[in-house]
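The chain contents come next:
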Amino acid sequence: MTEFTRHDKQSAPTDSQALLDVSIKAFCLVPNLHAVMVEAPGLLKGYQRLHRLFLDSRFDDAETTVVWQSSNVEHACH
């Protein structure tokens with residue numbers, strides 16, 4: 001299986017550090033998925049934009065939580 005580097009603010013590419021700031025502001029930490037995606041700034045930027053679009057949808061807070069938790073269960077996230 002491929003191993004991916006999980007970056008933090010110190011090890012992230014310079015042009016990706018502002019994206020990690022966005023993640024930290026939103027989650028108070030760098031989620032593991034974001035720590036890997038930061039290697040490709042366009043990927044993390046797109047993922048953050050998609051997340052914002054989802055939050056701006058017509059789902060209420062409970063429905064949003066059901067979607068996220070269903071995804072977590074389906075993908076065996078910890």
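Shown above is the structure to which this text applies.
Residues numbered from 1 in each chain as written. Predicted model: local features only at pLDDT ≥ 70, side-chain atom pairs only at ≥ 80, totals over all residues. Heavy atoms only, no water.

Draft legend 1. The packing of aromatic side chains, seen in detail. One pass over the full model with this rule turns up two aromatic pairs. Ring plane angle 50° and centroid distance 5.6 Å describe the contact between phenylalanine 54 and phenylalanine 59, whose orientation is recorded as tilted. Look at phenylalanine 54 and tryptophan 68: their rings are 4.8 Å apart centre to centre, the planes differ by 75°, and that puts the pair in the edge-to-face class. Of this pair, phenylalanine 54 sits in helix α3 (residues 41-55) while tryptophan 68 sits in helix α4 (residues 61-74); the two residues are 14 residues apart in sequence, bridging distant segments of the chain. Overall, phenylalanine 54 belongs to the buried group, its relative accessible area being 17%. An aromatic cluster of at least three residues, connected via ring pairs, comprises Phe54, Phe59 and Trp68. (Phe/Tyr/Trp six-rings, centres within 6.5 Å; stacked < 30°, edge-to-face > 60°. Helix = DSSP H or I, 4+ residues; strand = E, 2+ residues; numbered from the N terminus. Buried < 20%, exposed > 50% of the residue type's maximum accessible area, 1.4 Å probe, protein only.)

Draft legend 2. Structural context of the pattern of salt bridges. Evaluated as defined, the whole model comprises two salt bridges. In this structure, lysine 9 engages aspartate 21 in a salt bridge whose closest nitrogen and oxygen atoms are separated by 2.6 Å. Here lysine 9, found in the segment before α1 (17-27), pairs with aspartate 21, found in helix α1; they are 12 residues apart in sequence, far enough to count as distant. Among the residues examined, aspartate 21 registers a relative accessible area of 39% and is labelled partly exposed. (Salt bridge = Lys/Arg side-chain N within 4 Å of Asp/Glu carboxyl O.)

Draft legend 3. Examining α1 more closely. Every buried residue belonging to α1 is among Leu19, Leu20 and Ser23, and all of these are buried. Projected down its long axis, α1 shows its buried positions confined to an angular sector of 100°, all on one face. Facing away from the buried surface of α1 by more than 90 degrees, the exposed residues are Ala18 and Lys25. Packed against the buried residues of α1 are α2 (32-37) and α3. (Arc of directions from axis to C-beta. Contact = heavy atoms within 4.5 Å.)

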